[in-house]
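# Geometric and topological summary
Here's the letter readout for the chains.
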Amino acid sequence: MVGFSAAVIRRQQFLLRCLVGYNISSKNLSYTTIKMQSLVSGGSPDFAISILRSITPSLDSSRHKGQAGKIAVVGGCREYTGAPYFSAISALKIGADLSHVFCTKDAAAVIKSYSPELIVHPILEESYSVRDEDKKSISAKVIEEVDKWMERFDCLVIGPGLGRDPFLLDCVSDIMKHARQSNVPVVIDGDGLFLVTNCLELVSGYPLAVLTPNVNEYKRLVQKVLQSEVNDQNGTQQLVSLAKGIGGVTILRKGGSDFISNGDAVGAVSAFGSPRRCGGQGDILSGSVAVFISWARQCSAKRELSLSPTVMGCIAGSVLLRKAASHAFESKGRSTLTTDIIDYLGRSLEEFCPVTRRDK
Ligand SMILES: NC(=O)C1=CN([C@@H]2O[C@H](COP(=O)(O)OP(=O)(O)OC[C@H]3O[C@@H](n4cnc5c(N)ncnc54)[C@H](O)[C@@H]3O)[C@@H](O)[C@H]2O)[C@@H](O)CC1
Ligand SMILES: Nc1ncnc2c1ncn2[C@@H]1O[C@H](COP(=O)(O)OP(=O)(O)OP(=O)(O)O)[C@@H](O)[C@H]1O
Ligand SMILES: [Mg+2]
């Protein structure tokens with residue numbers, strides 16, 4: 001690993017020397033910003049892959065179950081059972097040891113039937129199934145159930161297929177507050193972003209929060225936080241301002257290129273990908289980012305990292321999803337579906353980071 005890190009640093013130093021004449025869009029961008037932007041963007045996937053490699057643990061017979069990551073997805077309701085499944089199963093396929101789903105009762109049996117690998121907790125309730133006088137006791141029970149597990153999780157994914165029921169979202173707000181008190185990282189996606197956009201204090205100033213908005217979710221965030229419209233002419237600087245405006249959370253803005261910023265560093269992952277836009281690819285991304293954040297945090301406990309664990313987790317999750325999507329598209333073309341992309345997560349990670357490597 002030491003050898004590898006040295007190689008990354010040498011490459012960073014080389015690229016920094018090449019910065020003379022580099023055309024950056026804003027004079028206000030910091031040193032870190034310049035460094036990351038030059039390294040991650042520009043079409044070459046090398047830097048993103050090197051980040052992924054630097055945080056992916058080796059498979060070592062001395063490790064016990066749980067050390068490679070315990071992830072929980074909070075999502076899944078009557079309408080949506082695919083999204084939490086995609087997110088949770090992707091976490092396992094990449095290498096997490098355990099993947100939990102906290103969802104509503106109607107969603108639980110369906111999600112369990114997709115996979116025996118997932119640990120599914122049918123604890124959330126929507127307004128239609130709860131009498132007003134029972135709401136207080138039910139929300140106390142929900143948080144009690146989640147709290148039993150909270151300390152064991154390395155990262156929570158909040159929102160895939162959660163729905164927008166007001167009572168359910170109140171309970172999820174409580175879960176987010178408890179996660180924050182316990183210093184557990186949170187990846188907020190889908191309807192979790194609907195909740196957070198209307199209640200920014202849930203994540204504002206929390207450095208372990210990651211938001212992964214798609215085009216609509218990003219638009220709503222920009223309108224709420226910056227009181228303006230999305231401006232793609234100055235997209236990088238607007239993303240930096242947005243992340244700063246929410247107190248330095250990390251934002252992964254999904255699109256043709258995935259742009260990532262924590263209000264300081266900013267970068268883009270534009271390699272690989274597929275022209276198919278079937279629903280569920282963002283869900284794969286949320287589960288992947290959660291795993292890589294937990295691995296990056298494990299690394300940061302042992303050595304200094306060049307970027308924050310949340311930023312590294314976003315870069316690694318993005319490049320892996322895009323690689324798997326490109327493989328799936330090569331194979332399935334127009335009929336590519338999210339499940340096809342999930343099937344390629346393992347092979348893509350193996351190509352970037354073979355299990356036989358002996359660098360740790
Ligand atoms: N199989 C499933 O269960 C899936 C469930 N999903 C869940 O569905 C819920 C809503 O997510 P959405 O992504 O639809 O929410 P959005 O707020 O992004 O989308 C709402 C509306 O905008 C449209 N839209 C989406 N992307 C667009 C784009 N690029 N340009 C223009 N219009 C666009 C959609 O068709 C929809 O009508 C979330 O909980 C999400 O996690 C999705 O993750 C997709 C898969
Ligand atoms: N126009 C595009 N070209 C290439 N890749 C894209 C494009 N748009 C999105 N992607 C890729 O697909 C991933 C998912 O982004 P997308 O915008 O589909 O999320 P989403 O709408 O939240 O998905 P979901 O259907 O799971 O909710 C992104 O991380 C990005 O890598
Ligand atoms: Mg989504």
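Residues numbered from 1 in each chain as written. Chains lettered and ligands numbered in written order. Predicted model: local features only at pLDDT ≥ 70, side-chain atom pairs only at ≥ 80, totals over all residues. Heavy atoms only, no water.

The name an unreviewed UniProt entry assigns to the chain is ATP-dependent (S)-NAD(P)H-hydrate dehydratase, from the organism Rehmannia glutinosa. Comment text from UniProt for the chain, heading Cofactor (unreviewed entry), reads "Mg(2+)". You can read under Sequence similarities (unreviewed entry) in the UniProt record for the chain the words "Belongs to the NnrD/CARKD family." (UniProt positions renumbered as here; feature names shortened; annotations may be inferred.)

### What to know about the overall build of the chain
The secondary structure content of the chain amounts to 14 helices and nine strands. Classification of the 360 residues of the chain by burial places 57% in the buried group. Carbon and sulfur atoms make up 51% of the accessible area of the chain, which totals about 15500 Å². (Helix = DSSP H or I, 4+ residues; strand = E, 2+ residues; numbered from the N terminus. Buried < 20%, exposed > 50% of the residue type's maximum accessible area, 1.4 Å probe, protein only. Areas by Shrake-Rupley, 256 points an atom, 1.4 Å probe, with all protein chains shown as cover.)

### Describing the sheet that holds strand 6 (residues 209-211)
One open sheet holds the nine strands; their spatial order is 3-2-1-4-5-6-7-8-9, and the pairing between them is mixed. On the outer flanks of this sheet lie strand 3 (119-124) and strand 9 (266-269), each paired with one strand and no other. Averaged over all adjacent pairs, the angle separating strand axes in this sheet is 20°, with direction ignored. As paired strands, strand 7 (residues 250-253) and strand 8 (residues 258-261) are joined by three bridges and run antiparallel to one another. Paired with arginine 253 across the bridge in strand 8 is phenylalanine 259. Each of strand 1 (70-74), strand 2 (98-104) and strand 4 (155-158) touches helix 4 (residues 82-94); the most contacted strand, strand 2, lies at about 170° to it. (Pairing = 2+ DSSP bridges. Axes fitted to C-alpha atoms, helices over the stretch in contact; angles between N-to-C directions. Contact = heavy atoms within 4.5 Å.)

### Some thoughts on the confidence of the model for the chain
Across the chain, pLDDT averages 88, with 87% of residues at or above 70. In the model, residues 1-35 has pLDDT below 50 throughout and makes 43 contacts with residues more than four positions away in sequence or in other chains. At the level of chain-chain contacts, confidence expressed as ipTM amounts to 0.90, with global pTM at 0.89. (pLDDT = per-residue confidence, 0-100.)

### Considerations on the pairing of strand 9
Side chains Val266 and Ala268 project from strand 9 onto one buried face, and the interleaved Gly267 and Val269 project onto a second face that is buried too. In this structure, strand 8 lies alongside strand 9, joined through four bridges in antiparallel fashion. Paired with aspartate 258 across the bridge in strand 9 is valine 269. If you look at the hairpin formed by strand 8 and strand 9, you'll find four residues sitting between the two strands, and glycine 263 has a positive phi there, around 90°.

### Description of helix 9 (residues 215-226)
The end-to-end C-alpha separation of helix 9 is 16 Å, in line with the 16 Å expected for 12 residues at 1.5 Å each. Here helix 9 has its buried residues at Glu217, Tyr218, Leu221, Val222 and Val225. For helix 9, the angular spread of buried residues about the axis comes to 135°, placing them on one side. Buried residues belonging to helix 9 abut helix 8 (191-197), strand 6, helix 10 (235-245) and strand 7. The distance from a side-chain oxygen at the start of helix 9 to the backbone nitrogen of asparagine 216 is 3.1 Å, and the residue carrying that oxygen is asparagine 214. Downstream of helix 9 by one or two residues, glutamine 227 has phi in the positive range, about 45°. (Expected span 1.5 Å × (residues − 1). Arc of directions from axis to C-beta. Polar contact = N/O pair within 3.5 Å; in protein donor to acceptor, adjacent residues only side chain to side chain.)

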